[in-house]
Amino acid sequence: MEKKWDIIEILKYCRHDWLNKVQLIKGNLELGKVDEVKGIIEAFIMESKNEAQLSNLHMPKMAELLITLNWRGLPFAFEYEILEVKKGCPMVDEKMYNWTLSFIDCLNQSLDPLVSNELKVILYDKGESIRFTFDLRGKLLTKDLIAPFLGECPASAALCINECTTEELVFDIEWKCEI
């Protein structure tokens, strides 16, 4: 699952993403849907601000993972949002990165690839800790891998499951920012 990205590959994916965005705007302009274009541009601005905030968290491994996750051919669409995170938590970057890779591996083996699955991650600053809320919508073929994985929380984190069905999985994992 871990991938080493070189600069040419990153630029290729970025160029592809931006070309898709420009084509979306062009198509809506040709159809005369100016209000739709304004909404699309506003969404792009929010996405760029979100990416800038993520890049400034001093958590380079997590930033790389979250930014490149949709490029990995996984059975879910991915998005993230940064809410009120000012400084990040560099001390847990490696741990959170490895934990998230393992979780994604579980999802990769558990999700129905024929269904539209969506995963959203929201980051919150909690003072002495950082919280990641994972919200999965779609279809789990089995919870045999997910349930045991979520049951074994890393020592420097606390995990709280809010919902766990075959169609929805919502949980928080909060990492203490060790000094």
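This section reports on the structure supplied with the text. (Residues numbered from 1 in each chain as written. Predicted model: local features only at pLDDT ≥ 70, side-chain atom pairs only at ≥ 80, totals over all residues. Heavy atoms only, no water.)

### Thoughts on the pattern of salt bridges
Pairing is possible between side chains of opposite charge, provided their charged atoms come close.
Part 1 of the argument: The final tally for this structure, using the stated rule, is 7 salt bridges.
Part 2 of the argument: Two residues, Glu30 and Lys26, come together in a salt bridge whose shortest N-O distance is 3.1 Å. Placement of the pair is Glu30 and Lys26 together in helix α1 (residues 7-30), with a separation of 4 residues, close to one helical turn.
Part 3 of the argument: The exposed category is assigned to Glu30, whose relative accessible area is 57%. (Salt bridge = Lys/Arg side-chain N within 4 Å of Asp/Glu carboxyl O. Helix = DSSP H or I, 4+ residues; strand = E, 2+ residues; numbered from the N terminus. Buried < 20%, exposed > 50% of the residue type's maximum accessible area, 1.4 Å probe, protein only.)

### Here's the deal with the side chain of Thr100
Part 1 of the argument: Its location among the elements puts Thr100 in helix α4 (residues 93-110).
Part 2 of the argument: In this structure Thr100 touches Met62, Leu65 and Phe134, once residues within four positions along its chain are discounted. (Contact = heavy atoms within 4.5 Å.)

### Describing helix α3 (residues 60-68)
Part 1 of the argument: Three or more residues of α3 are buried, namely Met62, Ala63, Leu65, Leu66 and Thr68.
Part 2 of the argument: Packing partners of the buried residues in α3 comprise α2 (34-55), β1 (77-83), α4, β2 (118-125) and β3 (129-137).

### Some points on the state of the cysteines
Part 1 of the argument: Applying the stated criterion across every chain, the model contains 1 disulfide.
Part 2 of the argument: Between the sulfur atoms of Cys89 and its disulfide partner Cys177 the distance amounts to 1.9 Å. In this pair, Cys89 sits in the loop between β1 and α4 while Cys177 sits in the segment after β5 (168-176), placing the two residues 88 residues apart along the sequence.
Part 3 of the argument: The structure places no disulfide on Cys153, whose sulfur is separated from the nearest cysteine sulfur, that of Cys160, by 10 Å. (Disulfide = S-S within 2.5 Å.)

### Here we look at the sheet that holds strand β4 (residues 157-164)
Part 1 of the argument: Strand order in the open sheet formed by 5 strands is β1-β2-β3-β5-β4, with mixed pairing between adjacent strands. Pairing within the sheet leaves two strands with one partner each, and these edge strands are β1 and β4. Between one strand axis and the next, the sheet turns by 15° as a mean value, whatever way the strands run.
Part 2 of the argument: Of the strand pairs in this sheet, β3 and β5 are connected by 9 bridges, and their pairing is antiparallel. Within β5, the position partnered with Ser129 by the bridge is Lys176.
Part 3 of the argument: Sheet strands touched by α4: β2, β3, β4 and β5. Its angle to β5, the strand with the most contacts, is close to 165°. (Pairing = 2+ DSSP bridges. Axes fitted to C-alpha atoms, helices over the stretch in contact; angles between N-to-C directions.)

### Structural notes on the pairing of β2
Part 1 of the argument: Relative to β2, β1 is paired through 7 bridges, and the arrangement is parallel. The residue bridging Glu81 from the neighbouring strand is Ile122, located in β2.
Part 2 of the argument: As a crossover connection, the stretch from β1 through α4 into β2 is left-handed.
Part 3 of the argument: Inspection of the sheet shows β2 paired to β3 by 8 bridges, in the antiparallel sense. When the sheet's bridge partners are listed, Tyr124 is paired in β3 with Arg131.
Part 4 of the argument: Where β2 hands over to β3, the hairpin turn is made up of 3 residues, of which Gly127 adopts a positive phi near 80°. (Right-handed = clockwise from strand over helix to strand, strands pointing away.)

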